[in-house]
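Overview (structure and organization)
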Amino acid sequence: MSIKDSLLAVKNTIPDSVTLVAVSKTKPNSYIQEAYDAGQRIFGENRVQEMTEKWENMPKDIEWHMIGHLQRNKVKYMAEYVSLVHGVDSPRLLSEINKQAEKHNRVISCLLQVHIAEEDTKFGFNEEELLDLVANEEFKAFKNVKIVGLMGMATFTDNMNQVRREFASIKLLFNKLKNNYTDFATLSMGMSGDYQIAIEEGSTMVRIGSSIFGSRN
């Protein structure tokens, strides 16, 4: 199946209310162009250098999302153009994004990453840390970042009841915060293997790569 056909097949399984991020990490520009020509405008990358090279060479109306674990020393390379940072997992990273965004006179939208998986390999805040952060006066003073929601990854497992339980827990937290923050509208959870469960549990944004572009090498 072509990338266009795969993209349209995925889109047919996603409600209009859910945003599709096509995960193009490790894929060549020609693949991105094919998806772009089929109407896709939002692409997700997990390495800043690779994303920056693509940004420089691809159509300028593409929205680039940073979906991987982000190191503070890499923020300056993407601050000029990145549309959404999915994985803000520490106050220090948020502070750095705010600092670099100010240099470009931009406000960068961010998602706070919540650690919901029952495994230690995932980054993110626990509920207590998250509530402490959003109540912090220094956080409230940031002018060049806008927290628009939460992001979470479920455990990599065949146990879909566990996956559903983890997604449900982040939705509860999202609802708790949404009542206090008008910008809270995005709940990014769900990838190729579990996005339909994520949507059922309240996801508003899914990150899908292999189902569109094929498996990564």
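Residues numbered from 1 in each chain as written. Predicted model: local features only at pLDDT ≥ 70, side-chain atom pairs only at ≥ 80, totals over all residues. Heavy atoms only, no water.

When you go through the protein residue by residue, the secondary structure sums to ten helices and eight strands. Expressed as lengths along the three principal axes of its C-alpha atoms, the size of the protein is roughly 50 × 45 × 30 Å. The buried share of the protein, reckoned over its 217 residues, is 51%. Pairs at least 24 apart in sequence give 59% of the contacts found in the protein among residues at least 6 apart. When the accessible surface of the protein is summed, it comes to about 10800 Å², and 45% of that surface belongs to carbon and sulfur atoms. (Helix = DSSP H or I, 4+ residues; strand = E, 2+ residues; numbered from the N terminus. Buried < 20%, exposed > 50% of the residue type's maximum accessible area, 1.4 Å probe, protein only. Contact = heavy atoms within 4.5 Å. Areas by Shrake-Rupley, 256 points an atom, 1.4 Å probe, with all protein chains shown as cover.)

Time to look at the pattern of salt bridges. One pass over the structure, following the stated rule, counts eight salt bridges. Residue Lys176 pairs with Glu127 through a salt bridge whose shortest N-O separation is 2.5 Å. One end of the pair, Lys176, is in helix α8 (residues 160–178); the other, Glu127, is in helix α6 (residues 127–135), with 49 residues separating them in the sequence. Here Lys176 falls in the partly exposed class, since its relative accessible area comes to 42%. We classify Glu127 as partly exposed; its relative accessible area is 37%. (Salt bridge = Lys/Arg side-chain N within 4 Å of Asp/Glu carboxyl O.)

It is at 9 Å that the axes of helix α1 (residues 3–11) and helix α2 (residues 29–37) come closest, and there the two elements cross at 55°. When the axis of α1 is compared with that of α2, the two are oblique. For α1 against α2, the interelement crossing comes out right-handed. Residues Ile3, Lys4 and Leu7 of α1 touch α2, and the partners they reach there are Tyr31, Glu34 and Ala35. Along the lines of polarity and charge, the residues of the contact of α1 with α2 split into four nonpolar, no polar and two charged. (Axes fitted to C-alpha atoms, helices over the stretch in contact; angles between N-to-C directions. Parallel < 35°, antiparallel > 145°, perpendicular 65-115°, else oblique. Left-handed = near helix turned anticlockwise from the far one by under 90°. Nonpolar A, V, L, I, M, F, W, Y, C, P; charged D, E, K, R; others polar.)

By rolling a water-sized probe across the atoms, one finds the places where empty space is left. Approximately 200 Å³ is the volume found for the second largest pocket. In terms of lining residues, the second largest pocket is bounded by Phe139, Lys140, Phe142, Val145, Lys146, Ile147, Tyr181, Thr182, Asp183 and Phe184. Of all the secondary-structure elements, those providing two or more residues to the lining of the second largest pocket are α7 (137–141) and β6 (145–152). If one sorts the elements of the lining of the second largest pocket by residue count, β6 sits on top with three residues. Each residue belonging to the lining of the second largest pocket can be placed in one class, and the counts come to six nonpolar, one polar and three charged. (1 Å grid on protein atoms, 1.4 Å probe; cavity = no way out; pocket = protein on both sides within 12 Å on 5 of 7 lines; lining within 4 Å. Points joined across faces, edges and corners; volume = space filled by probe spheres on them.)

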